[in-house]
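Close look at the chain arrangement
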Amino acid sequence: MNVNTQNFPLRPAWTEIDLGRLRRNLQLIRRDLPRPVKWLAVVKDEAYGHGALDVARVALEEGAWGFGLSTLEEAMTLRDAGIAAPLLLLGERHDTELEWCVAHHLTVCVNALHTVRALARLAARFGKMVPVHVKINTGMSRYGVRWDEAMPLIEAIAAEKALLLEGVMTHFSQSDETDKTFANVQLARFNEVLQGMAQRGITVKLRHTCNSGGFLDLPHAHLDMIRTGILMHGVFPSQVCRKIEGIEPVMSVKAQIASIQTLKPGEVVGYGMRYTASSVRRIAILPIGYGDGFPRVRNEGCALIHGRRAPLIGGIAMDALAVDITDIPQAQMWDVAVLMGRQGHDEITVRDIAKLKNSVTYDVLTNWRLRLRRKSVHTVLPALPAMAAEPVPV
Ligand SMILES: *Cc1c(COP(=O)(O)O)cnc(C)c1O
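The structure presented is a predicted model; accordingly, all values stated were derived computationally and were not measured.

Every one of the 14 residues lining the ligand counts as a neighbour, but K44, Y48, S212, I230 and Y362 are closest to it. In this structure, an oxygen atom belonging to the ligand sits 2.5 Å away from a side-chain N or O atom of Y48. Within the contact set of the ligand, an oxygen atom lies 2.6 Å away from a side-chain nitrogen or oxygen of S212. Here the ligand loses 94% of its free accessible area of 390 Å² to cover by the protein chains.

This is how it looks when you write it as structure tokens:
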């Protein structure tokens, strides 16, 4: 028997990542995108909890140009794993990070003149041509240089021989709602910057603005590249955005029944006695709790067992929750329950969990704790029909 410390069995609660489904989603996104438009896979925060390296490897095979990340550590993890594709660090870099970025070919977004100077010095020291993207603040007011003050920064970059102005980008504050008025204001501001550049003869390879919502709903803003995050994982950024048929969730959360109890009328369950049985009830304990990222609910939500809904009863604990299985008599110890995802013909969606949390789907995906280990599965899906050939210009 192998009892070394690395080879212990996984606990009976886990997140399941279907890399076959991920691949299909990426194929559907790629097909929906006009061929010349490049695609940056945003894999920050462990690809929204799906595992950045696994997602990056599939995305490279499906034609990603490169990856969007938030922190230096995230980017270094991909580089150390041998990913050679462009890695674009979104947001702002502290001066102490720039040397690492240049040494490891990480592409930074430049928002200020002093970063241009610091990068130019490092580029000269390393004897490298360093690509940079300029982030334009067109109304999100998070990172970037204001659209009406951007030209001096862009000219400064263009004047540095060791820097290559590879990209100019902006980010929408509202791309997936029905009302696109402000998104179009932002795009018009961005276009002002592009016109200013054209007047000065400053060229750039990658103009990019669209996150998942923009990709779906603002085709006139695709420009040279899109940046998708949540859509890759089969979750639409909003309920009103355009849907692409066949895109489905990649992540599920599962646990096995770890205890079965029978309650007599009047008996209670869990901390705080939040549930009292009104009749004889059969209940199952699932070994997953708020310490794993499940919302801290009381008598709300459900799990799927044998494809049926078992309502959550009582208050959830750090490591356990209770569900009522009186109506699922075939349920037994170690049967698999689905807390998020599909079982049989029913599904608990990411949005259902977001409602329990009073939050958004992004928060749900990224906040399952790592003590729920990720198990990858590879559903084999039938090949998509061949794409119609692009019309040949005459
Ligand atoms: C996170 C992020 C994205 C991806 O957004 P989704 O809505 O998940 O597609 C794109 N661009 C930037 C700048 C981001 O920070």
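What follows deals with the domain arrangement of the protein chain. The domain boundaries assigned to the protein chain delineate domain 1 (19-233) and domain 2 (251-348). A C-alpha centroid distance of 43 Å is found between domain 1 and domain 2.

Turning our eyes to something else, we now look at the environment of E97. One can find E97 in helix 5 (residues 95-103). Linking E97 and T71, residues 26 residues apart in sequence, is a C-alpha distance of 9.8 Å. Polar contacts involving the side chain of E97 include one to the side chain of R93, which spans 3.3 Å.

Look at any regular strand and the pattern is simple: side chains alternate between the two faces of the sheet. For strand 19 (residues 336-343), the tally of buried residues reaches six of eight residues, placing the bulk of the element in the interior. With four bridges joining them, strand 11 (residues 251-256) and strand 19 adopt antiparallel strand pairing. Each residue of the ladder has a partner; that of Q256, found in strand 19, is V336. Judged from the two bridges that link them, strand 16 (residues 302-305) and strand 19 form a sheet pairing that is antiparallel. The residue bridging I305 from the neighbouring strand is A337, located in strand 19. As paired strands, strand 19 and strand 20 (residues 346-348) are joined by three bridges and run antiparallel to one another. The residue bridging Q343 from the neighbouring strand is D346, located in strand 20.

Within the structure shown, the criterion is met by 20 salt bridges. Between E61 and R23 there is a salt bridge, and its shortest N-O distance comes to 2.7 Å. Placement of the pair is E61 in helix 3 (residues 52-61) and R23 in helix 1 (residues 19-32), with a sequence separation of 38 residues. According to the relative accessible area criterion, E61 is exposed, its value standing at 57%. For R23, a relative accessible area of 28% translates into the label partly exposed. Residues participating in the shared-partner salt-bridge network are R11, D292, D319 and R371.

Inside soluble globular proteins, nonpolar side chains tend to come together where they are buried. Counting 123 residues, the largest nonpolar core has V43, F67, I136, I154, L286 and V323 as its most contacted members. Two domains each put at least three residues into this core: domain 1 (19-233) and domain 2 (251-348). Sequence-distant contacts of V323, that is, excluding residues within four places in its chain, are made with R282, I283, A284, L286, A303, I305, A310, P311, L312 and I313. Counting seven residues, the second-largest nonpolar core is a separate cluster that includes V269, A277, I283 and I313.

The next subject is unusual backbone geometry. Its identity as a non-glycine residue notwithstanding, E46 has a phi of 50 degrees, on the positive side. Within the element layout of this structure, E46 appears in helix 2 (residues 44-49). Given the relative accessible area of 36%, E46 is considered partly exposed. For S141, which is not glycine, the phi dihedral falls at a positive 55 degrees.

Attention now moves to the packing of helix 1 against helix 3. One can describe the packing of helix 1 onto helix 3 by two numbers: an axis separation of 10 Å at closest approach and a directional angle of 40 degrees. When the axis of helix 1 is compared with that of helix 3, the two are oblique. The interaxial crossing formed by helix 1 with helix 3 has right-handed handedness. Listed contacts from helix 3 to L19, L22, R23 and L26 of helix 1 are D54, V55, V58, A59 and E61.

The final tally for this structure, using the stated rule, is two aromatic pairs. Each ring, one from Y48 and one from Y362, has its centre 6.0 Å from the other, and the planes form 45 degrees; the classification is tilted. A residue pair is termed long-range when its members are at least 10 positions apart, and Y48 in helix 2 and Y362 in helix 11 (residues 361-366) qualify at 314 residues. Look at Y48 and you get buried, because its relative accessible area is 7%. Ring centres of F294 and W368 lie 6.3 Å apart, and the angle between their planes is 50 degrees; this geometry places the pair in the tilted category. You can see F294 sitting in the loop between strand 15 (281-286) and strand 16 and its partner W368 sitting in the loop between helix 11 and strand 21 (373-377), a full 74 residues away along the chain. A residue is classified by how much of its surface remains accessible, and W368, at 10% relative accessible area, is buried. Lying over the aromatic face of W147, R189 brings its terminal NZ or CZ to 4.0 Å of the ring centre. Positioned above the aromatic ring of W14 is the side chain of K375, whose terminal nitrogen or guanidinium carbon lies 3.8 Å from the ring centre.

Conventions used here
- Residues numbered from 1 in each chain as written.
- Predicted model: local features only at pLDDT ≥ 70, side-chain atom pairs only at ≥ 80, totals over all residues.
- Heavy atoms only, no water.
- Near = heavy atom within 4 Å.
- Polar contact = N/O pair within 3.5 Å; in protein donor to acceptor, adjacent residues only side chain to side chain.
- Areas by Shrake-Rupley, 256 points an atom, 1.4 Å probe, with all protein chains shown as cover.
- Domains from an automatic or database assignment.
- Helix = DSSP H or I, 4+ residues; strand = E, 2+ residues; numbered from the N terminus.
- Buried < 20%, exposed > 50% of the residue type's maximum accessible area, 1.4 Å probe, protein only.
- Pairing = 2+ DSSP bridges.
- Salt bridge = Lys/Arg side-chain N within 4 Å of Asp/Glu carboxyl O.
- Core = buried A, V, L, I, M, F, W, Y, C linked by side-chain atoms within 4.5 Å.
- Contact = heavy atoms within 4.5 Å.
- Axes fitted to C-alpha atoms, helices over the stretch in contact; angles between N-to-C directions.
- Parallel < 35°, antiparallel > 145°, perpendicular 65-115°, else oblique.
- Left-handed = near helix turned anticlockwise from the far one by under 90°.
- Phe/Tyr/Trp six-rings, centres within 6.5 Å; stacked < 30°, edge-to-face > 60°.
- Lys NZ or Arg CZ within 6 Å of the ring centre and 35° of its normal.

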